[in-house]
Amino acid sequence: MRKPFVAGNWKMNKTVAEARQLVAEMAPGLGSFQGVETVLCPPFPALVAVSAMLAGTGIGLGAQNMYWEESGAYTGEVSPAMVAELCGYVILGHSERRTYFGETDRGVNRKTVAALAHHLVPIVCVGETLAENAAGETAQVVTRQVREGLQGVDGAEASRLVIAYEPVWAIGTGKAATGQGANEVVRECIRKPLAELFGGSTAQAVRVLYGGSVTPANAAEFFGQPEIDGALVGGASLKPDFVKIVQAAVK
Ligand code: PEP
């Protein structure tokens, strides 16, 4: 049995003061659910404050990115150890990082390996663009992102991975995929390459999320799919109603 998993990606939203306010509103509700792993991913400057507020609640904390090097002259970057000091999780390879900051499958791979080495749970994002989807390239693109993003990952560590299938055309657009469509991509283009890389039982142990315009109204459609274990939520994680999405994930 895979434990349901829901993460909120706040992206570049919320000052420290605003983050404190949002967590104060949401934490009592979020912390009340058993049987679902819930993670909040605020921007870097809010991590210290949110970490203190989440202590003892059972709610996890994640960063939205990190660099793979241990330390050194990498101005503006944050190392795996810096993230691991505060967080248990890190989002890697989000499509906004790939689109606006030139992240490649190779870079996502190096970050994933580094995150696992620092005992972080990487939430590795994959997904096709609108143009790739229209060209019938979804399977090819998502399979490649999984294979290249996870190559060299130690098989003994691989079951700790979380993968988020986030079709780029569904992110922030209000146009979510269908539950059935997302389930098929997860089965064919994520679990199959996972099985090739790490074997069938690891492929079945890895949590795979759907992301892209998830709301309290459509969350149950995704959580009811056999291959989908939860959600990576952007816009809807910035509202107290995020609690309703997490509640929908409780089995
Ligand atoms: C995301 O940022 O990962 C995301 C899925 O955003 P949204 O829920 O706003 O589509």
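Here the structure is shown first, and the text comes after it.
Since the model is a prediction, treat every value here as computed from it, not as a measurement. (Residues numbered from 1 in each chain as written. Predicted model: local features only at pLDDT ≥ 70, side-chain atom pairs only at ≥ 80, totals over all residues. Heavy atoms only, no water.)

Draft legend 1. Here's a closer look at the site of the ligand. Around the ligand sit 14 residues, and of these Lys 11, Glu 166, Gly 172, Ser 213 and Gly 234 come closest. A distance of 2.7 Å is found between an oxygen atom of the ligand and a backbone nitrogen or oxygen belonging to Gly 172. Between the ligand and the protein, one listed contact pairs an oxygen atom with a backbone N or O atom of Ser 213 at 2.7 Å. Burial of the ligand by the protein amounts to 95% of the accessible area it has alone, namely 290 Å². (Near = heavy atom within 4 Å. Polar contact = N/O pair within 3.5 Å; in protein donor to acceptor, adjacent residues only side chain to side chain. Areas by Shrake-Rupley, 256 points an atom, 1.4 Å probe, with all protein chains shown as cover.)

Draft legend 2. Broad picture of the pattern of salt bridges. As enumerated under the stated definition, the model contains 14 salt bridges in all. Residue Arg 160 pairs with Glu 157 through a salt bridge whose shortest N-O separation is 2.8 Å. Accessibility expressed as a relative area gives 26% for Arg 160, which makes it partly exposed. Looking at Glu 157, the relative accessible area reads 24%, which means it is partly exposed. (Salt bridge = Lys/Arg side-chain N within 4 Å of Asp/Glu carboxyl O. Buried < 20%, exposed > 50% of the residue type's maximum accessible area, 1.4 Å probe, protein only.)

Draft legend 3. Quick look at the packing of aromatic side chains. In total, this model carries six aromatic pairs according to the counting rule given. Relative to Tyr 89, the ring of Phe 5 lies with its centre 5.7 Å away and its plane at 65°, an arrangement referred to as edge-to-face. Note that Phe 5 is positioned in strand β1 (residues 5-9) and Tyr 89 in strand β4 (residues 89-92), a separation of 84 residues in sequence. Judged on exposure class, the residue Phe 5 and its partner Tyr 89 are both buried. Centre to centre, the rings of Tyr 67 and Trp 68 are 4.5 Å apart; their planes meet at 35°, and the pair counts as tilted. By way of ring pairs, the aromatic residues Tyr 67, Trp 68 and Tyr 74 are connected into one cluster. A cation sits over an aromatic face here: Arg 97 above Phe 101, 4.2 Å from the ring centre. (Phe/Tyr/Trp six-rings, centres within 6.5 Å; stacked < 30°, edge-to-face > 60°. Helix = DSSP H or I, 4+ residues; strand = E, 2+ residues; numbered from the N terminus. Lys NZ or Arg CZ within 6 Å of the ring centre and 35° of its normal.)

Draft legend 4. Structural detail: the nonpolar core. With 65 residues, the main nonpolar core has Val 6, Leu 40, Leu 150, Ile 190, Tyr 210, Phe 242 and Ile 245 as its most contacted residues. Top element by residues in this core is helix α8 (residues 179-198). It accounts for seven residues. In this structure, Ile 245 is in contact with Val 6, Val 214, Thr 215, Pro 216, Ala 219, Phe 223, Val 233 and Ala 236, ignoring residues within four places of it in sequence. Residues Phe 5, Ala 7, Tyr 89 and Leu 209 belong to the second largest nonpolar core, which totals 13 residues. (Core = buried A, V, L, I, M, F, W, Y, C linked by side-chain atoms within 4.5 Å. Contact = heavy atoms within 4.5 Å.)

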